[in-house]
Amino acid sequence: MNVRLYVWQRATAVLLLPLLLLHLLVIFYASRKGLSAADILARTRGSVAWALYYGVFVAAICVHASIGVRTVLAEWTPLPARAVNPAAILFGVLLAMLGFRAVIAVVLP
Amino acid sequence: MAATLQVSLWRGGTEGRYVDYDVPVRQSQTVLDVVTFVQRHLDSTLSYRFACRVGMCGSCAMTVNGRPRWTCRTHVSKVAADGRLQIGPLENLPVIKDLAADMRQFFEKWQGAKGRFAPSKTRSDPIERILPDSAPRLAANAGIECINCGVCYAACDTVRWNPEYLGPAALNRAWTLVNDVRDAGNIERLTAISASGGCHACHSHQSCQEHCPLALNPTASIAGLKRRTAQAYLRGEIKP
């Protein structure tokens, strides 16, 4: 890892900390209140705030996790060095597709 | 403790095996004494490295019962309570022969981390005054006693997993120079240790400080380098 990746990973970690706490609180709140899927969708559909919140959340996770996975691939797998970056980028893109698909599903009106 | 130690020594190069020897127990016996006894009395072809015998030169480090240690300052009674000793060359380095590890990559990485003082003045200039209690001097002091024994390098998981990682000793040295106000090589140094294999590869497992015979803390030095390089990068002073 070089300093550029290090700064990106630390910066997204700082961003993720409050976002993750809020995410956990949302889960806690939704399950304690016994909200149904319809109740949740009624709150999130068409909401710019929820779209922004989970959009930023997913973007930060994609950057943060793919940098971490890159290190794991480089140090713990026999993957050749030239394949590590493409594999980590592919992992980040897959995360982004899954994450943004979920965000779109809950916020699009 | 038994009157005889059962000693297993690594024999051969990278390919080799442990060979057993019986060595008489002596009072205040060090692990280096044991190895020397084998070489002088049991098998003169045994190869190992030592010089000062008092923990100053950093040349006698070996793997003793699974841990990297200075053999000259390790008493047998502390590490072989059951009368058994297994001694091998330092880990994470190629083996030259028997207990002698090839230290070349260790010192090349020292150079790679720009661990050489870069003077900012000439001999005609007055001597720089450095206050002993100034923050940079205190930071340099914390790491400056390293004698390059390679124990931290042998103990480091990241060195094991990432062959290009510069390692704790070289980075600790770089940190002492980063805090040397007389040094003029910091941009080059910070650039070198910001590249792949530099300080950001450290996982902070802290094996270096756990094993350092001088109780130095290279992990703390590396953490300082991570902060300093990140600041320099964000200010545009260095480019990875």
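Remember, predicted model here, so these are calculated numbers, not experimental data.

(A) Summary view of the overall build of chain A. Within chain A, the regular secondary structure consists of four helices and zero strands. In chain A, the succession of helices and strands from N to C terminus is α-α-α-α. Taking 2.2 N^0.38 as the reference for a compact globule, 109 residues should give roughly 13 Å; the C-alpha atoms of chain A span a radius of gyration of 17 Å, well beyond that estimate. Seen through its C-alpha atoms, chain A measures out along the principal axes to roughly 50 × 25 × 25 Å. Burial statistics for chain A: of 109 residues in total, 29% are counted as buried. Of all intrachain contacts in chain A linking residues separated by at least 6 positions in sequence, the fraction that spans at least 24 positions is 78%. By element, 76% of the accessible surface of chain A is carried by carbon and sulfur atoms, the whole surface being about 7000 Å².

(B) Representation of the pairing of strand 4 (residues 67–70) of chain B in the model. Residues and elements named next belong to chain B. Where burial is concerned, the two faces of strand 4 differ: the one with Pro 68 and Trp 70 is buried and the one with Arg 67 and Arg 69 is not. As paired strands, strand 3 (residues 61–64) and strand 4 are joined by four bridges and run antiparallel to one another. From the neighbouring strand, Met 62 faces strand 4, where its bridge partner is Arg 69. Connecting strand 3 to the antiparallel partner strand 4 that follows it, the hairpin turn spans two residues, and Asn 65 within it adopts a positive phi of roughly 45°.

(C) Quick look at the confidence of the model for chain B. Mean pLDDT over chain B: 95, with 99% of residues reaching 70 or higher. Interface confidence for the predicted complex, expressed as ipTM, amounts to 0.85; the pTM equals 0.91.

(D) Representation of the layout of surface pockets within the structure. All names here are of chain A. The computed volume of the largest pocket comes to approximately 400 Å³. Breaking the lining of the largest pocket down by element, the ones donating at least two residues are helix 1 (3–32), helix 3 (48–76) and helix 4 (81–107). Broken down by element, the lining of the largest pocket gets its largest block of residues, four residues, from helix 3. Across the lining of the largest pocket, the residue classes break down as 10 nonpolar, seven polar and five charged.

(E) Representation of the side chain of Asn 162 of chain B within the structure. Among the structural elements, Asn 162 of chain B can be located in the loop between helix 6 (157–161) and helix 7 (168–178). Asn 162 of chain B gets classed as buried once you look at its relative accessible area, which sits at 10%. The contacts of Asn 162 of chain B, once residues within four sequence positions are left out, are Glu 75 of chain A together with Ala 201 of chain B.

(F) Expanded view of the environment of Ser 8 of chain B. All names here are of chain B. Here Ser 8 is to be found in strand 1 (residues 4–12). Classification of Ser 8 by relative accessible area gives buried; the value is 13%. Each C-alpha atom of the pair Ser 8 and Asp 22 lies 8.8 Å from the other, and the pair is 14 residues apart in sequence.

(G) Region of the structure containing empty space enclosed by the protein. Residues and elements named next belong to chain B. The tally for this structure, following the rule as stated, stands at three cavities of 30 Å³ or more. There is about 130 Å³ of room inside the largest cavity. In terms of lining residues, the largest cavity is bounded by 17 residues, among which Cys 146, Cys 149, Cys 152, Cys 212 and Leu 216 are the most central. The set of elements that each furnish at least two residues to the lining of the largest cavity consists of helix 5 (151–155) and helix 7. Looking at which element gives the most residues to the lining of the largest cavity, the answer is helix 7, with three residues. Considering only residue class, the lining of the largest cavity consists of 14 nonpolar, three polar and no charged. As for the second largest cavity, its lining consists of 15 residues, of which Cys 156, Cys 202, His 205, Gln 206 and Cys 208 are closest to the centre. Among the residues forming the lining of the second largest cavity, the class breakdown is seven nonpolar, seven polar and one charged.

(H) Quick look at helix 4 of chain A. All names here are of chain A. The end-to-end C-alpha distance of helix 4, which contains 27 residues, comes to 40 Å, matching closely the 39 Å that a straight helix rising 1.5 Å per residue would cover. Residues Val 84, Ala 88, Gly 92, Ala 96, Gly 99, Val 103 and Val 107 constitute the buried set of helix 4. The elements touched by buried residues of helix 4 are helix 2 (37–44) and helix 3.

(I) Spotlight on the pattern of salt bridges. All names here are of chain B. Following the criterion strictly, the structure yields 10 salt bridges over all chains and no others. Across the pair Lys 97 and Asp 98 runs a salt bridge, and its minimum N-O distance is 2.8 Å. Taking relative accessible area as the criterion, Asp 98 reaches 2% and is therefore assigned buried.

(J) Up close: the interface of chain A and chain B. Residue-level contacts link 10 residues of chain A with 16 residues of chain B. At the boundary of chain A with chain B, total buried surface from both sides reaches about 1200 Å², with 63% on carbon and sulfur atoms. Summed over the three residues of chain A that lose the most area to chain B, namely Met 1, Val 3 and Glu 75 of chain A, the buried surface amounts to 49% of that side. Here the side of chain A that touches chain B is built from residues that sort into six nonpolar, two polar and two charged.

Definitions and cut-offs
Residues numbered from 1 in each chain as written. Chains lettered and ligands numbered in written order. Predicted model: local features only at pLDDT ≥ 70, side-chain atom pairs only at ≥ 80, totals over all residues. Heavy atoms only, no water. Helix = DSSP H or I, 4+ residues; strand = E, 2+ residues; numbered from the N terminus. Rg over C-alpha atoms; globule rule 2.2 N^0.38 Å. Buried < 20%, exposed > 50% of the residue type's maximum accessible area, 1.4 Å probe, protein only. Contact = heavy atoms within 4.5 Å. Areas by Shrake-Rupley, 256 points an atom, 1.4 Å probe, with all protein chains shown as cover. Pairing = 2+ DSSP bridges. pLDDT = per-residue confidence, 0-100. 1 Å grid on protein atoms, 1.4 Å probe; cavity = no way out; pocket = protein on both sides within 12 Å on 5 of 7 lines; lining within 4 Å. Points joined across faces, edges and corners; volume = space filled by probe spheres on them. Nonpolar A, V, L, I, M, F, W, Y, C, P; charged D, E, K, R; others polar. Expected span 1.5 Å × (residues − 1). Salt bridge = Lys/Arg side-chain N within 4 Å of Asp/Glu carboxyl O. Buried area = accessible area lost by both parts, 1.4 Å probe.

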